[in-house]
Amino acid sequence: MFETDPRFASLLLEQFGEANSELKVAMQYFTQALAARKP
């Protein structure tokens, strides 16, 4: 029914598992922007 795709799995791990993943960087920018708005 479904076949595994090791290349796709490694791409997912790269995005969500690395220390400098895009998701982590985006969350850091978001929290820094919220902190910068406080008077």
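Residues numbered from 1 in each chain as written. Predicted model: local features only at pLDDT ≥ 70, side-chain atom pairs only at ≥ 80, totals over all residues. Heavy atoms only, no water.

A. Structural context of the overall build of the chain. Across its full length, the chain carries two helices and zero strands. Expressed as a percentage of its 39 residues, the buried residues of the chain come to 3%. For the chain, the accessible area works out to roughly 4100 Å², and carbon and sulfur atoms hold 62% of it. (Helix = DSSP H or I, 4+ residues; strand = E, 2+ residues; numbered from the N terminus. Buried < 20%, exposed > 50% of the residue type's maximum accessible area, 1.4 Å probe, protein only. Areas by Shrake-Rupley, 256 points an atom, 1.4 Å probe, with all protein chains shown as cover.)

B. Here's a closer look at a nonpolar patch on the surface. A cluster of nonpolar residues, Phe 8, Leu 11, Leu 12, Phe 16, Leu 23, Met 27, Phe 30 and Leu 34, forms a patch on the protein surface that exposes about 810 Å² of accessible area. Relative to the helices and strands, Leu 12 resides in helix H1 (residues 6-17). (Patch = residues over 30% accessible without salt bridge, like charges linked within 9 Å, V, L, I, M, F, W, Y side chains within 5 Å. Salt bridge = Lys/Arg side-chain N within 4 Å of Asp/Glu carboxyl O.)

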